[in-house]
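Take a look at the letters that make up each chain.
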Amino acid sequence: MSTSVLTRTTLAATLLAASLTTDIQAKTITVVVTDTPCQTITGFGAACCDGAMCPYATDTQPVSLLYGPQSKIGLNIMRMEISPNFVGDIVVPEWGNWDSPYDWQGSVPSAKIVKRRGGIVFGTPWSPPGEYKTNGTAQGGNNEEQGYQRGELREDCYEKFFPWMNTFLKYMKSKGVDVDAVSVQNEPDWWVDYSGCLYTPQQQVNLVKNYAHLLDRETYDGVRLISAEPLGFDPKYSNALLNDTTARKQIDIIAGHIYGHAPLDKGNLKDAATLAAKYGKEVWMTEHSVDNIGNHNGLPTWHEQLLFAEEVNECLLAGCNAYIYWYMRAHWSFVGTGEEQHMPGNGKNKLLPRAYVMSHFSKHLTNSTRLNTRANVAIATNAYFENSAYIKGDSLIVMAIDTTGTGNNLRLLLPVKVKSGVHLLSTSNESLCKETPIAIDEPVSELTIPLPERSLNTFIFMIDRGEDGIQNIDVANNKSADPSCYDLSGRRILEPATSTGSTRNKGVYIRNGRKYLNR
């Protein structure tokens, strides 16, 4: 049975689109949501670092606005820098001219808020201590003043690297922050004139294979190890780790950035995620800032916001478990800077439209399991239409992004019957996250819903628990599904119960989008 669902809001938008149509006519896009599970979504986040987060990342307003299930945005992962020092309180960086110490303390206040709200905190080194490196400095070495000396980790200091990481973990723990994960290196393939360190894929393998056992996971609550994060998600880095049996056992998360390489491009993120999935490793996109032409005020246009939404969606389609943006505060990011040259009302620490765009994902998809979909429109980078689908408890969630100037009709074929729904709609920088109920007279598995022009849509359906209910989506026995367990904040945990009857993780946990209770 096919049911056409028209709410007042979507009907009005459709009629308006029809009145403006010239030579391009709206058409029906059919999306088939299958019962084939893909990866579990760990979450979404941003970086709390220097720069736009000054003074020295100590301003806690951005995380207060962005993080936690009770916030409007719902981020749950925070990235911070592991600066190249030892004790965190007193060392001034040799490579910068700061007015006060640049240290591990800077991000502590924000990290404490994120942890209190159930979030994940991980650290990334831009460089290990300069005395460990071939150029004797934390700087990357790529300018005349630095003598164009390539900064690499000296082989005789490989054994010092993870003990240095332990000093960071110890310091953070002493300040009340249990760090969830640490990365090997920020952009090991990018020779810079700021803090940086170069590794070849084989050098990273040698470091991890021979010395990662020195990371004190037992003392620091099972801290996870993230691979180095190459600039364009070059799979040579992650594949080299995963193809080495010993190194593979030490790495928990494969990570990278997508500068210069869109998520679905052949040969980068998608390829890295394919091998990672084979070995049950999570994949995190840990940094990107979207370039904007912007309007006359320098802020992103609505079209650019839709391209950002497509980027997040494409990372998930490529197999990512997590998406972490760059600075959380910048005029092209989630929280305003208050700079005068930008749009009036873009006050410091004010939520910006991009934050609400992100909330379509972060507020609703964390802890869900992605379901495979098929459509009569090919998914490609910056396509005029994109979609994805997820299951989370009793909810079936469908994302749809339509960049056309006329809008389209979306025909959904679902793997289960649904009995009610909510439509979250964003259509401009001024019209964000409008919520409208979807009236469904009786449980259906097929619906046709109008998509307004240039719109970002999240449809959250309540699954009917009748004979065609949630139990028909069998994620537990599917080899492509993520076998990991997560708590309600998206953090991966140990198995809730072991053969010895351990009850370390009592309570509710999630595997492949389904909740379980461990008593």
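Residues numbered from 1 in each chain as written. Predicted model: local features only at pLDDT ≥ 70, side-chain atom pairs only at ≥ 80, totals over all residues. Heavy atoms only, no water.

Enquirer: What am I meant to see in the overall build of the protein here?
Expert: Each helix and strand counted, the protein has 10 helices and 21 strands in total. Expressed as a percentage of the 519 residues in the protein, the buried residues total 59%. Put simply, of all contacts in the protein between residues at least 6 apart along the chain, 74% involve residues at least 24 apart. Looking at the protein as shown, the accessible area adds up to about 20,800 Å², and 49% of this sits on carbon and sulfur atoms. (Helix = DSSP H or I, 4+ residues; strand = E, 2+ residues; numbered from the N terminus. Buried < 20%, exposed > 50% of the residue type's maximum accessible area, 1.4 Å probe, protein only. Contact = heavy atoms within 4.5 Å. Areas by Shrake-Rupley, 256 points an atom, 1.4 Å probe, with all protein chains shown as cover.)

Enquirer: Would you mind showing me how to read the side chain of S388 here?
Expert: Secondary-structure assignment places S388 in strand β12 (residues 385-392). The contact partners of S388, leaving out residues within four places of it in the chain, are N313, L317, T373, I397, V398 and M399.

Enquirer: Could you clarify how one ought to interpret helix α5 (residues 201-211) in this entry?
Expert: An α-helical turn contains 3.6 residues, so any two residues separated by three or four positions project in the same direction. Those residues of α5 that sit buried are Q203, Q204, V205, L207 and V208. Close packing links the buried residues of α5 with α4 (158-174), β7 (224-226), α6 (235-242) and α7 (245-250).

Enquirer: Is there a simple way to think about a positive patch on the surface in this case?
Expert: There is a patch of like positive charges on the surface, built from K112, R116, R117 and K175. By the secondary structure assignment, R116 is in helix α3 (residues 108-116). (Patch = residues over 30% accessible without salt bridge, like charges linked within 9 Å, V, L, I, M, F, W, Y side chains within 5 Å. Salt bridge = Lys/Arg side-chain N within 4 Å of Asp/Glu carboxyl O. Lys, Arg positive; Asp, Glu negative; His and termini not counted. Charge placed at Lys NZ, Arg CZ, Asp CG, Glu CD.)

Enquirer: Looking at this model, I keep getting lost on the environment of N387. Mind explaining?
Expert: Relative to the helices and strands, N387 is located in strand β12. Look at N387 and you get buried, because its relative accessible area is 2%. N387 sits 356 residues away from V31 along the chain, and the two C-alpha atoms are 8.0 Å apart. Of note is the side chain of N387, whose polar atom sits 3.0 Å from the side chain of T373. (Polar contact = N/O pair within 3.5 Å; in protein donor to acceptor, adjacent residues only side chain to side chain.)

Enquirer: Would you explain the pairing of strand β8 (residues 253-257) in this entry?
Expert: Successive residues of a regular strand alternate their side chains across the two faces of the sheet. By the criterion of burial, β8 is predominantly enclosed, with five of the five residues buried. Burial of β8 is two-sided: the residues I253, A255 and H257 facing one way and the residues I254 and G256 facing the other way are all buried. Here β8 pairs with strand β9 (residues 282-287) via five bridges, running parallel. Opposite H257, over in β9, you have E287 as the bridge partner. One crossover worth recording links β8 to the parallel β9 by way of helix α8 (residues 269-278), and it is right-handed. (Pairing = 2+ DSSP bridges. Right-handed = clockwise from strand over helix to strand, strands pointing away.)

Enquirer: Just checking my understanding: could you explain the pairing of strand β3 (residues 43-47) for this structure?
Expert: Most of β3 is tucked away: five of the five residues are buried. Side chains of β3 alternate between two faces, with G43, G45 and A47 and F44 and A46 buried alike. Bridge count between β3 and strand β10 (residues 322-327): four bridges; the pairing is parallel. Within β10, the position partnered with A47 by the bridge is Y327.

Enquirer: What should I look at first to understand the packing of α5 against α6 in this one?
Expert: Helix packing geometry: the angle between the two helix axes and the distance between the axes. Two numbers describe how α5 lies on α6: the axes approach to 9 Å, and their chain directions differ by 35°. In the crossing of α5 with α6, the sense of the turn from one axis to the other is right-handed. In contact with P201, Q204, V205 and V208 of α5, α6 contributes K236, Y237, A240 and L241. A per-class count over the contact of α5 with α6 returns six nonpolar, one polar and one charged. (Axes fitted to C-alpha atoms, helices over the stretch in contact; angles between N-to-C directions. Left-handed = near helix turned anticlockwise from the far one by under 90°. Nonpolar A, V, L, I, M, F, W, Y, C, P; charged D, E, K, R; others polar.)

Enquirer: Sorry, what's going on with the nonpolar core here?
Expert: General note: in soluble globular proteins, nonpolar side chains tend to be found buried as a group. Core analysis: the largest hydrophobic core is formed by 98 residues, its most contacted members being F44, L66, M78, V182 and F334. No other element matches α4, which puts nine residues into this core. Setting aside anything within four residues of it in sequence, one finds F44 in contact with L75, N76, I77, V312, L316, Y323, M358, F361, S362, L365 and T366. The next biggest cluster of nonpolar side chains, apart from the first, holds 25 residues, and it includes L371, V377, L396 and I438. (Core = buried A, V, L, I, M, F, W, Y, C linked by side-chain atoms within 4.5 Å.)

Enquirer: Would you mind showing me how to read the confidence of the model for the protein here?
Expert: Predicted coordinates in regions of low pLDDT should not be interpreted in detail. On average, the protein scores 84 in pLDDT, and the residues at 70 or more come to 76%. Within the model, pLDDT remains below 50 along residues 87-101, and this stretch shows 30 contacts once partners closer than five positions in the same chain are excluded. Note that pLDDT drops below 50 for residues 497-504; the model gives that stretch six contacts with residues more than four away or on any other chain. (pLDDT = per-residue confidence, 0-100.)

Enquirer: What is the right way to read the pattern of salt bridges from this model?
Expert: Two side chains carrying opposite charge are able to pair once their charged atoms lie near each other. One pass over the full model with this rule turns up 15 salt bridges. Put simply, R79 and E287 hold a salt bridge, and the shortest N to O gap is 2.7 Å. Here E287 lies in strand β9 and R79 lies in strand β4 (residues 77-82), a separation of 208 residues in the sequence. Like E287, R79 is buried. The closest approach of N and O atoms between E446 and R411, which form a salt bridge, is 3.1 Å. Of this pair, E446 sits in strand β16 (residues 444-451) while R411 sits in strand β14 (residues 408-426), and the two are 35 residues apart along the sequence. Because the salt bridges share partners, they merge into one network encompassing R79, E229 and E287.

Enquirer: Mind showing me how you'd approach the environment of S174 here?
Expert: Within the element layout of this structure, S174 appears in helix α4. According to the relative accessible area criterion, S174 is exposed, its value standing at 56%. Engagement of the side chain of S174 in a polar contact is seen with the backbone oxygen of Y171, the distance being 2.5 Å.

Enquirer: Any chance you could explain helix α9 (residues 302-317) here in plain terms?
Expert: Look at α9: 22 Å from first C-alpha to last across 16 residues, which is about the 22 Å you get at 1.5 Å a residue. Downstream of α9 by one or two residues, G319 has phi in the positive range, about 115°. (Expected span 1.5 Å × (residues − 1).)

Enquirer: Looking at this model, I keep getting lost on unusual backbone geometry. Mind explaining?
Expert: Across the chain, the bulk of peptide bonds are trans and the bulk of non-glycine residues have phi less than zero. With phi around 45°, E187 is a residue other than glycine that occupies positive phi space. With respect to the element layout, E187 can be found in the loop between β6 (181-183) and α5. Among the residues examined, E187 registers a relative accessible area of 6% and is labelled buried. Although it is not a glycine, R454 sits at a positive phi angle of roughly 45°. Position of R454 among the secondary structure elements: in the loop between β16 and β17 (455-463).

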